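Next come the chains, spelled out residue by residue.
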Amino acid sequence: MDILTIQNLCVSFLENTVVRNVSMNIEEKKVTAVMGPSGCGKTTVLRAVNRLHELSSHARVTGKVILGGADLYALDAILVRRKIGMVFQRPNPFPTMGIYDNVVAGYLLNGLKLNKPEMDNLVEESLRAAALWDEVKDSLRKRGAWLSGGQQQRLCIARALAMHPEILLLDEPTSALDPKAAASIEELIVQLKKTVTIMLVTHNIAQASRVSDFTAFMYLGELVEFGASEKMFTTPQDKRTEEYLTGKFG
Amino acid sequence: MHNLQIRQLISKTFFGMVCLFSFLSALPLVLILGYLLAKGVSALNWQFFCRMPQPLGEAGGGIANALLGSALLLAVAFALAVPLGLSLGIYLAENKKSRLADCARLAVEILQGVPSIVVGLVIYTWLVLPLKTFSALSGGAALALLMLPVIVRSTEETLRLIPLELKEAALALGVPYYRTILRVIVPSGLSGIVTGVLLSLARVAGETAPLLFTAFGNPFLSWRLDRPIESVPHLIFYYATSPYAEWHRLAWGASFVLVLSVLCLNLAAKFLTRRWRVQF
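Residues numbered from 1 in each chain as written. Chains lettered and ligands numbered in written order. Predicted model: local features only at pLDDT ≥ 70, side-chain atom pairs only at ≥ 80, totals over all residues. Heavy atoms only, no water.

## Examining unusual backbone geometry
Part 1 of the reasoning: Of note, the phi angle at H164(A) is positive, near 50°, even though the residue is not glycine.
Part 2 of the reasoning: Its location among the elements puts H164(A) in the loop between α7 (149-161) and β7 (167-171). (Helix = DSSP H or I, 4+ residues; strand = E, 2+ residues; numbered from the N terminus.)

Written out as structure tokens, the structure reads:
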């Protein structure tokens, strides 16, 4: 079942159009990978979904992004971002907070009240979901910066999961990590799709093929091909996809 | 071979010169401190801090009125300059390129260069004349105007160094912009901001010129913000230019206390920068 529909999405910064007419349907509780060479607009698509592109005052968006029947651009951006979690390229735990506070940062910073047992449960549940609980359960008060890069990234995933998002956006979540940490994040992504819908941006073809159910291939701001990963990686329909997959460019 | 020796000689001479000049530039502070210590420490005792100046001819007495006055003036300046300076610093860090930011940044730079006596004169016409009295309030306002540029610059520079990823992390959790600034960005830069505030206090604690026609001075103990008030630098100026040996002694003591407090503020700022630094 589709949870998110992107229709004719165009994004431009000043005169520069970065994303042209992208349409795709994201299925619930599946991993959809968006891949393509650097600068193809894949991250911009992702940021348009939780409206983080609005940080740049020059950004202009046309088209629709529909989540569960509601147009996201008709809602308040703050509510949209609480429904759609995001994890970034570089791990970015809040440096002034301990691990515990980082996990529930979405509640603390928003001033949402939770009592202590609720909060304790939420922290444990989120850290377990992010496969980090066993490593940090005895040092929940320590600063996030004390963790390794891969652990920090899982902490960021736990922080996003704690908000119980409908969709989790991952923007090249392993590109700043070493191969071992990257592998553990990939494993985690496969685990997570049981409970949450995931959109994964990556320039790593192998990663997209390993973890995704659906893949979108973007090139120069356009969506070239979109479909089941199995099919795309074995019999790509478009010549450009084939060339990218065989390493002729990108 | 000959050539190499000459180059080594030049290199060594250069290094020697750099060391010499570094030593020479550190020397004045050591001399000042030593001189103040020798001259001023003898004036210090329990009475010096707790008692009022005695009438001429009587021994003893202290500078309690000036100490209280300076503390009050700094408190007023702090209360005025910190909210303004922080707000402007945050604005400048957040809006690097807007027209208003460019104007404000330029204004702050120029304000930093305005002689303190001129600041005093301006506050005299803005506050003292309309209120028809010299007051602690106008003295504090003059000091606040001098503190402002230091706070703005340090706040802006600190906040600019905070990675954009941190702001994005908070916004992506659905945290409103103002909460992101107040609860993520400002706490992450707290050490730099507090350091800037302490340094600005240290900068104005010894200012005399802007207080001459604002706080004016007061030989009696006063708590009131709407009355003239004594301050340590003004007392030093007044006593040191007097012909009485007893007053000279008090002036040396006051100078020593003033320099020591400024030194402490600077050391505290240094300590905090190190202690509260946030690892990104």
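Past the structure itself, the notes keep going.
## A closer look at the environment of G144(A)
Residues and elements named next belong to chain A.
Part 1 of the reasoning: Looking at the element boundaries, G144 is found in the loop between α6 (133-136) and α7.
Part 2 of the reasoning: Its relative accessible area of 0% is what places G144 among the buried residues.
Part 3 of the reasoning: Considering only alpha carbons, one finds G144 and H203, 59 residues apart in sequence, at a separation of 27 Å.
Part 4 of the reasoning: Apart from residues no more than four positions distant in its own chain, G144 is found in contact with P93, M97, I99, N102, Q152 and L155. (Buried < 20%, exposed > 50% of the residue type's maximum accessible area, 1.4 Å probe, protein only. Contact = heavy atoms within 4.5 Å.)

## Structural notes on the pattern of salt bridges
Part 1 of the reasoning: Applying the stated rule across the entire model yields 20 salt bridges over all chains.
Part 2 of the reasoning: Between D134(A) and K137(A) there is a salt bridge whose closest N-O contact spans 3.8 Å.
Part 3 of the reasoning: The class of D134(A) is exposed, set by a relative accessible area of 58%.
Part 4 of the reasoning: Several salt bridges share partner residues, and in doing so they unite D102(B), R105(B), E156(B) and R160(B) into one network. (Salt bridge = Lys/Arg side-chain N within 4 Å of Asp/Glu carboxyl O.)

## A word on helix α8 (residues 179-192) of chain A
Residues spaced three or four apart along an α-helix point in a common direction, a consequence of the helix completing one turn every 3.6 residues.
Residues and elements named next belong to chain A.
Part 1 of the reasoning: Over its 14 residues, α8 runs 20 Å from end to end, which matches the ideal 20 Å to within 8%, given 1.5 Å per residue.
Part 2 of the reasoning: What α8 keeps buried is the set A181, A182, I185, E186, L188, I189 and L192. The buried side chains of α8 occupy one side of the element, clustering within an arc of 160° when seen end-on. Every exposed residue of α8 that faces more than 90 degrees away from the buried side is listed here: P179, K180 and E187.
Part 3 of the reasoning: Those residues of α8 that are buried are in contact with β3 (31-35), α5 (116-129), α7, β7, β8 (197-202) and α9 (205-211).
Part 4 of the reasoning: Capping of α8 at its N-terminal end is provided by D178; its side-chain oxygen lies 3.1 Å from the backbone amide nitrogen of K180. (Expected span 1.5 Å × (residues − 1). Arc of directions from axis to C-beta. Polar contact = N/O pair within 3.5 Å; in protein donor to acceptor, adjacent residues only side chain to side chain.)

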